[in-house]
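# Overview (structure and organization)
This is what each chain is made of:
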Amino acid sequence: MRQRQHVAIAEDKDRIENRNFSEEEKKRKPSYDLFSSSTKTLMVCLAMRMANSLLVQTYFNPDEHWQALEVAHNIAFGYGHLTWEWKKGIRSYLHPMVFAALYKVLALCHLDTPWFMSKAPRLLQSMFCAVGDLYLYKLSNVLFDDHVAQWALFSQLVNWFMFFCFTRTLSNSLETVLTLVGIYYWPCMRVSPNKAPLFSRKWGVAIAALACAIRPTSAIIWMYVGLLELFLAHDRLKFIFLEVAPIGVLVLTLMCLVDRLMYGSWILVPLNFLKFNFLSSGGDYYGTHKWHWYFTQGFPVILFTFLPFSIAGMVLSKQWKPSGLIAWVLGLYSVLGHKEFRFVLPVLPIALMFSGYSIAAMKTAASLNSKRKGSSNSHVKCPSKVRLAIFFLLSTNIPMALYMSLFHQRGTEDVMNYLSKEASNNKVKSILFLMPCHATPYYSTLHHDLPMRFLDCSPSEEKGALDESDRFMMDPASFASEFAINWSLPSHIVMFDSEERSLREFLVSHSFKEIRRFFHAHLKVDRDLQASVVVYAFTGQ
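Residues numbered from 1 in each chain as written. Predicted model: local features only at pLDDT ≥ 70, side-chain atom pairs only at ≥ 80, totals over all residues. Heavy atoms only, no water.

With that settled, consider the layout of surface pockets. Taken as a whole, the second largest pocket spans an internal volume of roughly 650 Å³. In terms of lining residues, the second largest pocket is bounded by 28 residues, among which A208, A209, C212, A219 and W222 are the most central. No other element matches helix α12 (residues 236–263), which puts 9 residues into the lining of the second largest pocket. Class assignment for the residues of the lining of the second largest pocket results in 25 nonpolar, 3 polar and no charged. (1 Å grid on protein atoms, 1.4 Å probe; cavity = no way out; pocket = protein on both sides within 12 Å on 5 of 7 lines; lining within 4 Å. Points joined across faces, edges and corners; volume = space filled by probe spheres on them. Helix = DSSP H or I, 4+ residues; strand = E, 2+ residues; numbered from the N terminus. Nonpolar A, V, L, I, M, F, W, Y, C, P; charged D, E, K, R; others polar.)

The subject of this paragraph is the UniProt feature "transmembrane region" (unreviewed entry) in the protein chain. Under the present numbering, the feature "transmembrane region" (unreviewed entry) in UniProt falls on residues 160–185, 205–225, 237–254, 291–313, 343–365 and 386–406. End-to-end, the C-alpha atoms of residues 237–254 are 25 Å apart, and along that stretch the chain is 100% helix and 0% strand. Annotation note: span residues 343–365, helix share 78%, strand share 0%, distance between end C-alpha atoms 36 Å. (UniProt positions renumbered as here; feature names shortened; annotations may be inferred.)

Before going further, it helps to examine helix α9 (residues 171–185). For α9, built from 15 residues, the straight-helix expectation of 21 Å at 1.5 Å per residue is met to within 8% by its first-to-last C-alpha distance of 21 Å. Counting buried residues in α9 gives 15 out of 15 residues, a clear majority hidden from the surface. (Expected span 1.5 Å × (residues − 1). Buried < 20%, exposed > 50% of the residue type's maximum accessible area, 1.4 Å probe, protein only.)

Turning to unusual backbone geometry, a few remarks are in order. As a rule of thumb, non-glycine residues mostly have phi less than zero, and peptide bonds are mostly trans rather than cis. Of note, the phi angle at H110 is positive, near 55°, even though the residue is not glycine. With respect to the secondary-structure elements, H110 resides in the loop between α5 (94–108) and α6 (114–143). Residues other than glycine seldom take positive phi values, yet K318 does so here, at roughly 60°. Residue position: K318 is located in the loop between α15 (307–317) and α16 (320–335).

On to the packing of aromatic side chains, then. Taken as a whole and assessed by the stated rule, the structure comprises 36 aromatic pairs. Taken together, a centroid distance of 6.1 Å and an interplanar angle of 65° make the contact between Y294 and Y333 edge-to-face. Linking Y294 in helix α14 (residues 293–303) with Y333 in helix α16, this pair joins segments that are 39 residues apart in sequence. The two residues Y294 and Y333 agree in class, both being buried. Consider the rings of Y403 and F407, whose centres lie 6.0 Å apart with planes at 25°: the pair is stacked. Residue Y403 is classed as partly exposed on the basis of its relative accessible area of 24%. Taken together, the ring pairs in this structure connect F60, W160, F161, F164, W293, Y294, Y333, F341 and F343 into an aromatic cluster. The ring of Y418 has R516 lying over it, and the distance from NZ or CZ to the ring centre is 5.0 Å. (Phe/Tyr/Trp six-rings, centres within 6.5 Å; stacked < 30°, edge-to-face > 60°. Lys NZ or Arg CZ within 6 Å of the ring centre and 35° of its normal.)

A separate point is the pattern of salt bridges. Considering all chains together, one arrives at 18 salt bridges under this definition. Among the ionic pairs, R168 bridges to E64, the shortest N-O distance being 3.1 Å. Pair noted here: R168 is in the loop between α8 (160–165) and α9 and E64 is in helix α3 (residues 63–77), with a separation of 104 residues, a long-range link. The pair R168 / E64 is uniform in exposure class, with both members buried. Here D235 ties to R201 by a salt bridge, and the two come within 2.9 Å at their closest N and O atoms. Taken as a pair, D235 in the loop between α11 (219–232) and α12 and R201 in helix α10 (residues 200–214) lie far apart in primary sequence, 34 residues in all. For D235, a relative accessible area of 18% translates into the label buried. Using a relative accessible area of 7% as the deciding quantity, one classes R201 as buried. Linked through salt bridges whose partners overlap, the residues forming this network are D63, E85, R91, E340 and R342. (Salt bridge = Lys/Arg side-chain N within 4 Å of Asp/Glu carboxyl O.)

Taken as a whole and assessed by the stated rule, the structure comprises 1 disulfide. Across the disulfide from C437 sits C457; the S-S distance is 2.0 Å. Across the disulfide from C437 to C457, rotation about the S-S bond amounts to roughly 90°, and the bridge is consequently right-handed. Of the two residues, C437 is situated in the loop between β1 (431–433) and α20 (443–446) and C457 in the loop between β2 (452–454) and α21 (468–474); the sequence distance between them amounts to 20 residues. Judged by relative accessible area, C437 falls into the buried class, the value being 18%. Taking relative accessible area as the criterion, C457 reaches 6% and is therefore assigned buried. Distance from the sulfur of C212, which forms no disulfide, to the nearest cysteine sulfur (C256) is 14 Å. (Disulfide = S-S within 2.5 Å.)

Next up on the list: the packing of helix α22 (residues 476–483) against helix α23 (residues 497–509). Contact geometry for α22 and α23: axes closest at 8 Å, N-to-C directions at 40°. By the angle between their directions, the pair α22 and α23 is classed as oblique. At the point where α22 passes α23, the crossing takes the right-handed sense. In contact with P476, A477, A480 and S481 of α22, α23 contributes E499, S502, L503 and F506. For the contact of α22 with α23, the per-class residue count stands at 5 nonpolar, 2 polar and 1 charged. (Axes fitted to C-alpha atoms, helices over the stretch in contact; angles between N-to-C directions. Parallel < 35°, antiparallel > 145°, perpendicular 65-115°, else oblique. Left-handed = near helix turned anticlockwise from the far one by under 90°. Contact = heavy atoms within 4.5 Å.)

What follows is about empty space enclosed by the protein. Within this structure, the stated rule accounts for 5 cavities of 30 Å³ or more. Here the largest cavity is characterised by a volume of approximately 160 Å³. Lining the largest cavity are 17 residues; nearest its centre among them are Q67, R91, S92, S171 and I214. Taken together, the elements giving at least two residues each to the lining of the largest cavity come down to α3, α5 and α13 (269–279). Per-element tally for the lining of the largest cavity: the top contributor is α3, with 3 residues.

Our focus in this paragraph is the pairing of strand β5 (residues 532–538). Among the 7 residues that make up β5, 6 are buried, leaving the element largely enclosed by the rest of the structure. Where strand β3 (residues 492–496) meets β5, 5 bridges bridge the pair, whose relative direction is antiparallel. Residue M495 lies in a different strand from β5, and its bridge partner there is V534. (Pairing = 2+ DSSP bridges.)

Here we take up helix α19 (residues 411–424). For α19, with 14 residues, the first-to-last C-alpha span of 20 Å sits near the 20 Å given by 1.5 Å per residue. Of all 14 residues in α19, 11 are buried, a share of seventy percent or more. Just beyond α19, the residue with positive phi is N426, at close to 60°.

What follows is the structure, encoded as structure tokens:
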């Protein structure tokens with residue numbers, strides 16, 4: 001008890017020092033009706049995120065469709081492809097069940113049309129995102145004040161990667177929401193842990209357990225928070241045996257029951273996930289990066305122009321606990337070979353909160369400086385440095401967000417929306433995708449039970465063995481000729497223009513003709529430039 005009280009007193013002192021800069025500002029700044037209550041803040045965030053979700057029209061990561069919506073479609077409608085992960089039991093059905101329920105509602109209301117099937121999942125995710133935005137605001141308010149909270153929310157809504165990724169149906173997006181909500185309830189993450197509400201920690205533990213059930217790697221985040229709570233708490237035995245243990249067992253039991261129902265047998269997903277991704281480095285099959293990638297490229301890219309503001313906020317605020325969480329997550333994820341931008345999405349809002357702190361500090365410092373010089377209306381005008389910072393952040397992040405969300409890699413989404421409409425008019429009988437595996441959405445967008453075939457890329461037991469996707473990319477023409485020997489002739493073939501040149505003779509010889517071409521990208525990502533997606537239709541008898 002004494003240890004935690006001493007820590008709390010020291011942290012209260014730091015908080016008083018950190019917040020002194022804004023006391024004068026609080027007295028003079030006008031109230032923001034928009035953020036006068038949690039309900040109003042939530043409504044603002046909800047409106048922004050729903051618009052955000054409708055503006056996201058590009059393809060980012062296969063897991064958005066293949067590990068969430070495709071599985072949900074299979075649950076709700078009885079057809080949809082399940083990738084190898086679901087056969088090995090390294091994914092829990094908890095996350096897809098959310099969207100399966102949505103699909104069921106759409107079907108019951110006869111709203112399972114092409115537009116709703118493609119837009120509704122992201123609209124649902126945008127509602128979760130709005131909750132995450134609200135809790136970032138509330139967390140910033142608890143750690144600092146409402147002035148910082150407003151700028152933290154500004155940073156969250158403007159950041160290009162949050163706009164581009166947050167409303168997608170990735171498990172990382174829901175994990176990010178749960179991280180923001182959970183951290184708010186953990187006493188140890190507050191400046192004054194003893195001032196947290198009575199049941200706050202129980203809520204925090206429950207949300208942490210749910211986050212780990214949905215995405216096992218979330219345990220990296222909650223390990224830090226849990227150890228910190230264990231260090232600061234005076235009631236450690238109660239925390240372990242009356243909160244963590246029973247709540248953890250309850251959530252684990254719920255997950256096991258759901259997976260038992262869906263898999264048809266008892267499966268412990270976290271254990272299978274641990275064996276594949278950590279003990280056998282199975283994730284490395286999809287590519288590896290240098291150990292320092294998150295520090296030198298990954299996190300700086302997603303923070304983008306907010307990076308200097310976030311670093312300044314960490315230094316100025318002296319809040320080591322959330323700063324330490326960011327360093328902890330980046331450090332542990334750096335140990336893993338396979339790295340992706342989306343893996344560190346849950347701590348991006350924390351970094352953006354510090355950006356909000358530095359902007360608020362700039363505004364307050366400029367206002368106080370103007371007051372010393374005798375300006376009577378310094379609180380009305382936004383200081384020039386702050387206006388310049390806002391202009392800089394808006395002018396760099398908004399174009400990036402819109403370009404990545406509206407243009408970069410949109411062809412694979414457009415082609416499936418087109419084929420869905422064609423299938424509704426009985427113009428599509430079967431589809432073959434001659435392109436890298438999982439390059440497009442699948443049944444969850446097509447929403448017609450038609451034969452479809454894509455090139456398999458499941459990990460092989462034999463090290464170094466090439467999968468279908470690899471063999472196709474090495475020599476498209478030879479692979480297609482060999483593949484056509486035993487194929488069931490499709491009515492449509494979909495491919496990238498980068499492989500179309502090699503396949504043109506093959507397509508003509510088999511009576512296929514181009515019918516549509518969709519813009520895909522201006523820039524190459526990890527292969528040759530895939531500028532467009534092309535659809536060929538069978539014209540023979």
